[in-house]
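# Observations on the model geometry
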Amino acid sequence: MPGRGAEARHLADFATGWRFGGRYPPGSERTSYDDSAFATVSLPHCVVDLGWLDWDPASWAGKWIYRRTVSIPAEWAGERIYLGFEGVLTGCTVWVNGVELPEHLGGYLPFGYEVTGHVRCGAENVIAVVVDGDWHDVPPDGAPAGPSAVDYCQPTGIYRTAHLRAVPPTHISDVFAKPVREERSAWRLDVEVTVDAVAGSAVPLRASLRDGGRDVGSAVTPTSGAAGRSVVSMRLDGLGEVESWDVDAPKLYDVVVDAGGHEYAVRVGFRDSRWEPDGFWLNGRRLQIFGINRHQLFPYVGMAMPPRVQRRDAEIIRRELRCNMVRCAHYPPAQEFLDACDELGLMVWDEPPGWQYLSEDAAYQRLIERDVAEMVRRDRNHPSIVTWGVRINESRNDPALYRRTKAMAYELDGTRQTTGSMVTRETEGWAQELFGFDDYTGDGTNAGLKEPIDDLPYLISEAVGAISAQPLYRRIDNHPVLAVQATAHAQVHEIAHANHSFAGLLGWVCFDYASQNGRTWRNLKTPGIVDGFRIPKYAAATYATYPPPGDKPALLPLFDWVRLCASSAADRSALVVATNCDRIVCTAGESDVVTAAPDRTAYPALPHPPLTIDLSGMPAKDLQIDGYVGDELVITHRMSSTVQSDRLEIAVDDAAIDADGIDATRVVFRAVDAHGNWRSDVTGAVDLSVEGPGQLIGPAHFNWDESPGAAAVWLRSAAGESGEITVIARHSLLGEAAATVHSAATA
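Residues numbered from 1 in each chain as written. Predicted model: local features only at pLDDT ≥ 70, side-chain atom pairs only at ≥ 80, totals over all residues. Heavy atoms only, no water.

### Side note on the sheet that holds strand β10 (residues 111–114)
Here is the rule: Paired strands, in this sense, are two strands between which DSSP finds at least two bridges. Strands here are runs of E lasting at least two residues and helices are runs of H or I lasting at least four, both read from the DSSP assignment and numbered beginning at the N terminus.
On the basis of which strands lie adjacent, the open sheet formed by four strands has the order β2-β12-β6-β10 and antiparallel pairing. Two strands lie at the open edges of the sheet, namely β2 (9–10) and β10, each paired on one side alone. The pairing of strand β6 (residues 80–85) with β10 spans four bridges and is classified as antiparallel. Across the sheet, residue Tyr82 finds its bridge partner in β10, namely Glu114.

### Focus on the sheet that holds strand β47 (residues 710–717)
Whether parallel or antiparallel, the strands of a sheet pair through hydrogen bonds between backbone atoms. Just so we agree on the cut-off: To get an axis, a line is fitted to the C-alpha atoms, and for a helix only the part in contact is used. The angle between two axes follows their N-to-C directions and goes from 0 to 180 degrees.
Spatially, four strands are ordered β41-β43-β47-β45 in an open sheet, and the strand pairing comes out antiparallel. Looking at the sheet topology across the chains shown, the edges are occupied by β41 (647–652) and β45 (694–697). Taking the axes of each pair of neighbouring strands and ignoring which way they run, one obtains an average angle of 30° across the sheet. The pairing of β41 with strand β43 (residues 664–672) spans six bridges and is classified as antiparallel. By the bridge assignment, Arg647 is partnered in β43 with Val672.

### Topic: the packing of aromatic side chains
Selection rule: In this analysis, rings of Phe, Tyr and Trp, with Trp reduced to its six-membered ring, are considered paired at centre separations within 6.5 Å, and the interplanar angle assigns stacked below 30 degrees, edge-to-face beyond 60, and tilted for intermediate values. Remark: exposure states derive from per-residue accessible area (1.4 Å probe, protein chains only) relative to the maximum for the residue type, with buried under 20%, exposed over 50%, and partly exposed in between. Geometrically, a lysine NZ or arginine CZ counts as sitting over a ring once it is within 6 Å of the ring centre and also within 35 degrees of the ring normal.
Applying the stated criterion across every chain yields a total of 31 aromatic pairs. Centroid distance Tyr108 to Tyr159: 6.4 Å. Interplanar angle 70°. Geometry classified as edge-to-face. Here Tyr108 is found in the loop between β9 (104–105) and β10, whereas its partner Tyr159 is found in the loop between β11 (123–132) and β12 (162–167), with 51 residues between them in sequence. By relative accessible area, which is 1% here, Tyr108 ends up buried. Three or more aromatic residues joined by ring pairs form one cluster here, namely Trp52, Phe298, Tyr300, Trp521, Phe533, Phe669, Phe702, Trp704 and Trp714. Here Lys251 stacks its cationic end above the ring of Tyr253, 5.2 Å away from the centre of that ring.

Right, dumping it as structure tokens:
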């Protein structure tokens, strides 16, 4: 991982070559068990093939078996060996060479074991993992109603990667590098190094702050040599001029700590953030929060997507939707997602697993405290995180519990204020600094917000969504409904921008996600401004047009011109266009011209409001929309008037992937008009085939009747096989299209 973790002997291929036996047969954890009939899989992995609709928690409930036979190098003898898992849903028991290790419950944070005494170096070893997908009394689970009591599905599996590594007997197990602002705006770095030592092995510690190959500052201190774990504090000052981490310039440095030749590296960013009653302040300036919530669920595999795909979500949110903040709802995300947020300048609200349910049982509350502590300890070096969620999402107020979780966050970090989302505006006994409120004021036509609470930093943690008075906002809904969703997001951001007592707003939600809770369509929640395939709906345009046009001119019509031209009865009198231009000019013929400007009457505070145009008098000819900033033409968008030129389009997110059997990239296949606009009423089957060393994550036969004109699969590499991978899509009416990805082994 970039800039994170210990220099150690890793088994580089440990995430491949796992044997998956499906439902757990009693005794299959034994070393002698014959697993030759098991399927060979790579991590991350989900225990069931999910499809993209109709997920059923009963399908992944129960126990499942994974096994891995691993040859541990002889040169590891004399070192300490650790087995670790980044995430297993929802619990598991691990055996190493037949020795049972303590059960772990809780699916969203890493855990591990020292297995030095259980493995044989220079020989084969058998690791067995029995994964438990049942409903347990552990956050976010525990409510008596079972899986439907949580708003998001949690498919079982070893859904993040696993590690097997060796380190010296005395080694570094953790580094926290805490930037501290001193007087006269100078920075220092307080470094806390956790050393795990054997008796009598005192080693000097050297901590260095590096900018590429340049040392910015360093410090040296001895260790005591006492056995066990100890925390050594170091200070790096006199750093001179260091660059701040900011949303538009996310400068990162490396902190490298050496203990007798064993190095541990983390990344750090220098930034000063503060939530105040008049808003959010970053590096001394007020910054309006313009953001979104994110679930990490994907079609076909649940949460079991590899690092590149996790990172891609952050790129969509920051680069395509132009958000400056994301809330990780409602659990700590994959580390790779946070790495990408650091690099992209995307600020983060990180929160522990949970959804509404809060047991009064002391053991359950201790698990909440455990999760908060482990989340902060895992993620505290990420400069992108600007607040710790230390409450269970939308839970009742429990001042005593949430004072304890706040104290934990401050003890382990101390550089970020705390928060939690509320559905009531109860402030008595409120223990956090930032008040996060889930505000679903409004109906199916208009969205609103309640007034902020006086004298508290106030952030809208959720808004719009798809509550009972609103449509579901499915991709198959008609265009006016999807345009209403876009307008609703613009309305709430307008209100938040107009009053600086709002620090800002995080819309609900970025991506559609599987659920059995409340209003769903075939067990899919569809309030996303982007669908589960990561294909934008019209509401995404409200976000994509946020930047100034000099940064990225944008012009996005929220209608299908072909469909409007096909029906003489279609209403074309109030069509919505999202843009960051000053005005647009529409033409459909030599003399047919309509000009419109953003609606600054309804949206006086929003930097780039949407606009409404009346094209009812336009002829049924190809439409051209020109966007102007001042008198300069900066963008042109064309739309076809006929289906005659419709075609099949296929595109991949990445031109190259790693040939490790784990890496993957998205493959989007769409029906488009002659100018590349989505054709929203095209149905029928799309057949997909792969040539070369790769395989599909998703079906080879996709029915567009349930997702008209657009869908996606993912393409995974084959382990150790380099070469060109071509994905070919075929549709009976639109013909054939192909895209190519290069798969190559990394050095």
